[in-house]
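Listed below, chain by chain, are the residues.
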Amino acid sequence: MKVRVKVLISVFVTLCVLLSAGLASAVVHVKGVRYWSSKNYTRVVVDLDRKPSYTYRLLRKDPSIGKPPRLYVDIKGAALKNGIKKVVPIDDGLLMRARVGQYNKDTVRVVLDIKSIASYKVFHLFNPHRIVIDVRGEGKPSRKETLKAHRAGKRHRGLVIVIDPGHGGKDPGAIGRRGLKEKDVTLKVSKLLKWELRKRLKSSKIVLTRDRDVYIALDERTAIANSVDADIFVSVHVNASYKRTAQGVETYYLGSTQDEEALRVAARENATTASETTEILQYIIKDLERSGNQQESIRLASLVQESLAGRLKSRYRDVKSNGIKGALFYVLVNCDMPSILVEVSFITNPRDEKRLRNSAYLREIARGIADGIIRYLNGEKT
Ligand SMILES: [Zn+2]
């Protein structure tokens with residue numbers, strides 16, 4: 001009898017411990033606030049340790065209490081992590097500062113004190129969990145005007161093209177069987193692409209999101225493109241597959257997909273699972289369809305894919321074109337311009353891996369992408 005009571009007590013204690021551990025770990029910890037800012041665009045990222053449940057609201061200016069307009073995000077079931085910086089001064093003309101505080105027992109409130117903004121967007125991404133707040137100002141140069149001037153051969157403000165070499169630093173990306181790292185290939189191709197574009201689009205500004213082996217978060221890459229008001233954003237990657245025979249080039253735009261292969265590629269590039277990717281897609285999809293950029297991104301993707309696959313095939317006959325596909329790539333979410341992600345070969349294919357070490361092959365890739373970008377800028381239809 002005594003033994004049985006003891007067993008029951010210990011089961012009870014174990015359950016209590018498990019339960020409290022479960023409850024404790026259910027709290028979302030707010031780990032910090034990062035931001036990237038420019039004259040016309042600011043991105044604020046709130047880092048968390050779990051998936052959040054949150055609401056947000058824009059509050060008008062309240063002179064009676066001397067408050068500026070504010071945008072706030074309430075994160076439910078949340079606590080501030082110890083030592084977090086509670087006030088982050090921004091002062092960029094759009095935002096004055098970001099503030100974060102424990103609003104009540106289980107709500108953390110993030111407040112942006114606004115100077116002047118024209119629009120904003122709030123969304124969350126996974127792994128690491130974070131809430132992204134993008135705000136924009138009024139004075140945005142019109143992309144249509146810039147493209148028109150370019151096509152008419154006139155000088156306007158000059159085109160801005162952002163090239164994004166995938167991965168870097170602690171994130172090697174995919175690795176080939178003989179040890180070649182995706183991050184090194186993407187950097188080489190991107191530098192060659194910059195060189196090609198600079199040669200062929202004289203008055204343009206070509207920006208690389210990284211020009212050396214450093215880690216840059218996906219949010220920051222998008223923020224760089226938005227803050228320089230880019231006309232085009234191209235993210236360069238190398239594909240990977242468990243099938244060593246998989247090969248070919250493919251180009252992605254931000255869109256929904258049922259294609260398992262596309263889901264797998266997106267999950268790998270986002271460092272998430274396919275189901276997390278699908279979940280995010282469900283709530284950004286409406287936005288996506290409303291944005292005029294999707295059609296333009298599809299046109300850019302088609303021209304780049306056709307030019308890249310065509311050029312490679314004319315020199316390396318076995319290269320396959322896997323076409324264009326829509327999928328959810330974090331780096332393309334809320335990119336405010338036509339934007340694509342190119343998978344330039346398969347690093348897991350032994351023949352491709354060998355070619356990817358050869359600068360002549362990388363140069364052909366860069367030229368192929370540049371051909372497509374120029375056809376797009378010249379207004380060529382697909
Ligand atoms: Zn990649």
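(A) Fine view of the overall build of the protein chain. Across its full length, the protein chain carries nine helices and 16 strands. In terms of overall dimensions, the protein chain has C-alpha extents of about 80 × 65 × 35 Å along its principal axes. Counting all 382 residues of the protein chain, 41% fall into the buried class. Partitioning the intrachain contacts of the protein chain with sequence separation of at least 6 by distance along the chain shows that 71% fall at a separation of at least 24.

(B) Structural detail: the sheet that holds strand 2 (residues 41–48). The mixed open sheet is built from five strands, whose spatial order is 5-1-2-10-9. The outermost strands of the open sheet, each flanked by one partner alone, are strand 5 (78–80) and strand 9 (119–125). In this sheet, adjacent strand axes meet at a mean angle of 30° when their direction is disregarded. Across seven bridges, the pairing between strand 9 and strand 10 (residues 130–136) is antiparallel.

(C) Here's a closer look at the pairing of strand 2. Here strand 2 lies mainly inside the structure; seven of its eight residues are buried. For strand 1 (residues 28–37) and strand 2, the ladder comprises seven bridges, and the chain directions are antiparallel. The residue of strand 2 that forms the bridge with Val30 is Leu48. What sits between strand 1 and strand 2 in their antiparallel hairpin is a turn of three residues. Sheet topology note: the strand 2/strand 10 ladder contains seven bridges and is antiparallel. For Arg43, the partnering residue across the bridge sits in strand 10 and is Asp134.

(D) Quick look at helix 5 (residues 260–270). Buried residues of helix 5: Ala262, Leu263, Val265, Ala266, Ala267, Glu269 and Asn270, and no others. Ala271 occupies a position one or two residues after helix 5 and carries a positive phi of about 60°.

(E) Region of interest: the packing of helix 7 (residues 293–315) against helix 9 (residues 359–377). In contact at an axis separation of 7 Å, helix 7 and helix 9 are set at 145° when each is read in the N-to-C sense. Along this stretch, helix 7 crosses helix 9, giving a crossing that reads as right-handed. Counted together, Arg299, Leu300, Leu303, Val304, Glu306, Ser307, Leu308, Arg311, Leu312 and Arg315 of helix 7 and Glu364, Ile365, Arg367, Gly368, Ile369, Asp371, Gly372, Ile373, Arg375 and Tyr376 of helix 9 form the full contact between these two elements. Grouping the amino acids of the contact of helix 7 with helix 9 by side-chain chemistry returns nine nonpolar, three polar and eight charged.

(F) Local environment of the domain arrangement of the protein chain. Partitioning the protein chain into structural domains gives domain 1 (27–136) and domain 2 (143–377). One C-alpha centre belongs to domain 1, the other to domain 2, and the line joining them spans 30 Å. Between domain 1 and domain 2, the residue contacts involve 13 residues of the former and 13 residues of the latter. For the side of domain 1 that touches domain 2, the secondary structure elements donating two or more residues are strand 2, strand 9 and strand 10. Each residue belonging to the side of domain 1 that touches domain 2 can be placed in one class, and the counts come to seven nonpolar, three polar and three charged.

(G) Expanded view of unusual backbone geometry. In the Ramachandran plot, His167 falls in the positive-phi region, its phi being about 65° despite a non-glycine side chain. Secondary-structure assignment places His167 in the loop between strand 11 (160–165) and helix 3 (182–200). Here Asn334, not a glycine, exhibits a phi torsion of approximately 60°, which is positive. Tracing the backbone shows Asn334 in the loop between strand 15 (321–327) and strand 16 (339–346). We classify Asn334 as buried; it has 22 C-beta atoms within 10 Å.

(H) Local environment of the nonpolar core. By size, the foremost hydrophobic cluster in this structure holds 67 residues, and its most contacted members are Phe329 and Ile369. Element by element, the count of residues in this core is highest for helix 9, at nine residues. Discounting residues that sit within four places of it in the chain, Phe329 has contacts with Tyr252, Leu254, Ala266, Glu269, Asn270 and Leu341.

(I) Quick look at the sheet that holds strand 8 (residues 107–114). Pairing is antiparallel in the open sheet, where five strands are placed in the order 3-4-8-7-6. The strands lining the two open edges of the sheet, one partner per strand, are strand 3 (54–59) and strand 6 (87–89). Taking the axes of each pair of neighbouring strands and ignoring which way they run, one obtains an average angle of 15° across the sheet.

(J) Structural detail: the packing of helix 3 against helix 9. Contact geometry of helix 3 with helix 9 gives a least axis separation of 8 Å together with a crossing angle of 45°. Here helix 3 is positioned oblique relative to helix 9, judged by the angle of their axes. Seen from above, helix 3 lies across helix 9 with right-handed handedness. In this structure, helix 3 contributes Lys188, Val189, Leu192, Leu193, Glu196, Leu197 and Arg200 to the contact, and helix 9 contributes Leu362, Arg363, Ile365, Ala366, Arg367, Ile369, Ala370, Ile373 and Ile374. Looking at the contact of helix 3 with helix 9, its residues break down into 11 nonpolar, no polar and five charged.

Rules used throughout
- Residues numbered from 1 in each chain as written.
- Predicted model: local features only at pLDDT ≥ 70, side-chain atom pairs only at ≥ 80, totals over all residues.
- Helix = DSSP H or I, 4+ residues; strand = E, 2+ residues; numbered from the N terminus.
- Buried ≥ 20, exposed ≤ 12 C-beta atoms within 10 Å, placed from the backbone.
- Contact = placed C-beta atoms within 7 Å.
- Pairing = 2+ DSSP bridges.
- Axes fitted to C-alpha atoms, helices over the stretch in contact; angles between N-to-C directions.
- Left-handed = near helix turned anticlockwise from the far one by under 90°.
- Nonpolar A, V, L, I, M, F, W, Y, C, P; charged D, E, K, R; others polar.
- Domains from an automatic or database assignment.
- Core = buried A, V, L, I, M, F, W, Y, C linked by C-beta atoms within 7 Å.
- Parallel < 35°, antiparallel > 145°, perpendicular 65-115°, else oblique.

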